[in-house]
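What follows is the residue order along each chain.
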Amino acid sequence: MSTDPSFTDLLDRHAGILHKVSRLYASTAANRQDLEQEIAYQLWKSFSSFRAESQTGTWVYRIALNTALATFRKRTLPITFPDKLPELGDTPQTGEDSPEDRLFAAIRKLPEADRALTALFLEDLSHEEIGDVLGITPNHVGVKLHRIKAKLKRILNQ
C-alpha cells in the first residue's frame, strides 16, 4: 500500500488536531495513540472523496470528531472494585500534575458534543468555522461556549 504524498502532508499539517481530539476523548496514553491511529485510518479512507468544498482543517476536524465519538460509544468500560476502601484521611492520587492535565481531565467530564465544541474553540477557530464543522449557527456556538465555560469553572473548582 503506497501513501499519497499529499495525504502525508495533510497528516503532518494537522497532527495537532488528531492529538487534541484524542486527548479530549481518551484518558490514557495507549488509548490516545489508538484513537489517533483510528482517526488517521478514517482520514485515509475518506481522502479520495474529499472535494475541497470546505477548508482542509474543517474536514479533518469533522472526521476526527466523528471517529472519536463513534469509538467512544463502542467502548464498554469494565467495572472494577478496589480491594480495600481508602482511609478517611487519604487523598486520591489522580496523576494529574499540570494545569493543562487538569483542564483536559475536566473537559473529558463534559458531554460528547460539548467536548467537540471545546476542541474546536481551543484550536482558535472562529464561531463561523466551528459552526461549519458542527452544523450549527455561529450564534448558537457563542451561547454553547458560554455555558461550557461555566460548566468547566464548576468542575475545576470542585
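Residues numbered from 1 in each chain as written. Predicted model: local features only at pLDDT ≥ 70, side-chain atom pairs only at ≥ 80, totals over all residues. Heavy atoms only, no water.

(A) Representation of the packing of helix H5 (residues 99-108) against helix H8 (residues 138-157). One can describe the packing of H5 onto H8 by two numbers: an axis separation of 10 Å at closest approach and a directional angle of 115°. Between H5 and H8 lies a crossing whose hand is right-handed. Each of Arg102, Leu103, Ala106 and Ile107 in H5 lies in contact with H8, whose residues at this interface are Leu152, Ile155 and Leu156. Along the lines of polarity and charge, the residues of the contact of H5 with H8 split into six nonpolar, no polar and one charged. (Axes fitted to C-alpha atoms, helices over the stretch in contact; angles between N-to-C directions. Helix = DSSP H or I, 4+ residues; strand = E, 2+ residues; numbered from the N terminus. Left-handed = near helix turned anticlockwise from the far one by under 90°. Contact = heavy atoms within 4.5 Å. Nonpolar A, V, L, I, M, F, W, Y, C, P; charged D, E, K, R; others polar.)

(B) Just the environment of Glu128, in detail. With respect to the secondary-structure elements, Glu128 resides in helix H7 (residues 127-134). The exposure class assigned to Glu128 is partly exposed, which follows from its relative accessible area of 48%. Residues Glu128 and Pro138, spaced 10 residues apart in sequence, show a C-alpha to C-alpha distance of 5.0 Å. (Buried < 20%, exposed > 50% of the residue type's maximum accessible area, 1.4 Å probe, protein only.)

(C) Structural view of the packing of aromatic side chains. A full pass over the atoms with the stated rule returns three aromatic pairs. Where Phe7 meets Phe47, the ring centres are 5.3 Å apart and the plane angle is 65°; that geometry is what we call edge-to-face. Placement of the pair is Phe7 in helix H1 (residues 5-13) and Phe47 in helix H3 (residues 29-47), with a sequence separation of 40 residues. Between Phe50 and Trp59, the ring centres sit 4.6 Å apart and the planes meet at 40°, which makes this aromatic pair tilted. In this structure Phe50 comes out as partly exposed when scored by relative accessible area, which is 21%. The ring centre of Phe104 lies 4.1 Å from the NZ or CZ of Arg23, which sits over that ring. (Phe/Tyr/Trp six-rings, centres within 6.5 Å; stacked < 30°, edge-to-face > 60°. Lys NZ or Arg CZ within 6 Å of the ring centre and 35° of its normal.)

(D) The arrangement of unusual backbone geometry in detail. A positive phi angle, close to 65°, is found at Asp124, a residue other than glycine. Mapping Asp124 onto the fold places it in the loop between helix H6 (112-122) and H7. Judged by its relative accessible area of 70%, Asp124 falls in the exposed class.

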